[in-house]
Amino acid sequence: MDRLLGITWLEASAVALATVGMYVALILLVRLLGQRMLSSMSSYDLAAVIAFGGIIARAALGDSPRLGGGIVALVTLVGLQAVSGLLRRTRFGSSLIANRPVLLMAGPKIIEEHMSRCHVSHAELDSRLRLAGISHPSQVGAVVFEPSGALSVIRAGQPISLEIFDSVIGVDYLKSVQQ
């Protein structure tokens, strides 16, 4: 019974190392594939997230998971989240972990290369515009693909402070529309 619940220090180290490895791999994949992975989920996305969880758990806990291994993995993940939270407070750490926001529309102009970079379809953009109450492209001041995967829609006719858009990739498009 003790063997089912307990783990040795060597096994605990292996679980912690595997958990760190899977966490770093997931962060790298999100950085490479972009924040599109984090946007609102369809039923297919939900299935993928559940599968990701199973893969990460299996890699972290090994063939015969035990309570002790689960606790080590959980504590390791919480610790990694705390460290990444502290890193995000610094400019360098934030640039390592978080994706920058990307301008998808500057006024009524759609920036096609940014749409493909962020893996946002025209249908999804149109849907987000409708949800924001936009009925014509001329009503758009800007659309930003945020690091969280959400789309921020700014209506035309409102003053736009370029300071707020300073970290946004493609801010120059917005500057040219405002002139």
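Predicted model only: the values in this text are computed from it and were never measured.

Cut-offs applied
- Residues numbered from 1 in each chain as written.
- Predicted model: local features only at pLDDT ≥ 70, side-chain atom pairs only at ≥ 80, totals over all residues.
- Heavy atoms only, no water.
- Core = buried A, V, L, I, M, F, W, Y, C linked by side-chain atoms within 4.5 Å.
- Buried < 20%, exposed > 50% of the residue type's maximum accessible area, 1.4 Å probe, protein only.
- Helix = DSSP H or I, 4+ residues; strand = E, 2+ residues; numbered from the N terminus.
- Contact = heavy atoms within 4.5 Å.
- Pairing = 2+ DSSP bridges.
- Patch = residues over 30% accessible without salt bridge, like charges linked within 9 Å, V, L, I, M, F, W, Y side chains within 5 Å.
- Areas by Shrake-Rupley, 256 points an atom, 1.4 Å probe, with all protein chains shown as cover.
- Salt bridge = Lys/Arg side-chain N within 4 Å of Asp/Glu carboxyl O.
- Arc of directions from axis to C-beta.

Enquirer: Sorry if this is basic, but what is going on with the nonpolar core here?
Expert: Ranked by internal contacts, the top residues of the largest apolar core, which has 14 residues, are Leu104, Val120, Leu125, Leu129, Val143 and Phe145. Those elements that place two or more of their residues in this core are strand E1 (102-106), helix H7 (122-131) and strand E3 (140-145). Excluding residues that lie within four positions of it along the chain, Val143 makes contacts with Val102, Leu103, Leu104, Met105, Leu125, Leu129, Leu151, Ser152 and Val153. If you look at the next biggest cluster of nonpolar residues, it comprises ten residues, including Ala106, Ala142, Phe165 and Val171.

Enquirer: Is there a simple way to explain the sheet that holds E1 in this structure?
Expert: Within a sheet, adjacent strands bond to each other through the backbone by hydrogen bonds, running parallel or antiparallel. If you trace the four strands from one edge of the open sheet to the other, you get E2-E1-E3-E4, paired in antiparallel fashion. Two strands in the sheet have a free side with no partner beyond their single neighbour: strand E2 (109-110) and strand E4 (151-155). Here E1 runs beside E3; their pairing, made up of four bridges, is antiparallel. Looking across to E3, one finds that Leu103 is bridged to Val144.

Enquirer: Just to check I follow, could you spell out a nonpolar patch on the surface for this structure?
Expert: On the surface, a nonpolar cluster with roughly 230 Å² of combined accessible area is contributed by Val20, Val24 and Leu28. If you trace the backbone, Leu28 turns up in helix H2 (residues 9-33).

Enquirer: How should I be thinking about the pairing of E4 in this particular structure?
Expert: Two faces make up the sheet, and in a regular strand the side chains alternate between them. Two strands pair when backbone bridges link them, and E3 and E4 are joined in this way by five bridges, in the antiparallel orientation. Bridge pairing in E4 links Ala142 to Ile154. Hairpin remark: E3 followed by E4, antiparallel, with five residues in the connecting loop; positive phi at Gly149, about 95°.

Enquirer: Before we go on, may I ask you to explain the side chain of Thr19 in this structure?
Expert: Inspection of the secondary structure puts Thr19 in helix H2. Note on Thr19: relative accessible area 2%, which makes it buried. Not counting residues up to four positions away in its chain, the partners in contact with Thr19 are Ala60, Ala73, Thr76, Leu77 and Leu80.

Enquirer: Quick question: what am I supposed to make of H7 here?
Expert: An α-helix turns once per 3.6 residues; consequently, residues spaced three or four apart project the same way. Those residues of H7 not exposed but buried are Glu124, Leu125 and Leu129. Here the buried residues of H7 occupy an arc of 140° about the axis, which is enough to place them on one side. The exposed residues of H7 that point more than 90 degrees off its buried face are Ala123, Arg130 and Leu131. Where H7 is buried, its residues contact E1, E2, helix H6 (112-117), E3 and E4.

Enquirer: Would you mind going over unusual backbone geometry with me for this structure?
Expert: Apart from glycine, the bulk of residues carry a negative phi angle, and the bulk of peptide bonds sit in the trans form. Even without being a glycine, His119 presents a positive backbone phi close to 60°. By relative accessible area, His119 is classed as partly exposed at 47%.

Enquirer: Would you explain the environment of Ala16 in this entry?
Expert: For Ala16, the location among the structural elements is in helix H2. The contacts of Ala16, once residues within four sequence positions are left out, are Val72 and Thr76.

Enquirer: I'm lost on the pattern of salt bridges in this one. Help?
Expert: Close approach of charged atoms allows side chains of opposite charge to pair. Here the structure, examined in full by the defined rule, presents two salt bridges. Between Arg128 and Glu124 there is a salt bridge, with its nearest N and O atoms 3.8 Å apart. On the criterion of helical spacing, the pair formed by Arg128 and Glu124 is a turn pair, its members being four residues apart in helix H7. Look at Arg128 and you get partly exposed, because its relative accessible area is 23%. You can call Glu124 buried: its relative accessible area is 13%. Taking the shortest distance from any N to any O, the salt bridge between Asp172 and Lys175 comes out at 3.8 Å. Here Asp172 pairs with Lys175, and both are found in helix H8 (residues 171-178), just three residues apart, close to one helical turn. Taking the relative accessible area as the measure of exposure, Asp172 reaches 54% and is therefore exposed. For Lys175, a relative accessible area of 34% translates into the label partly exposed.

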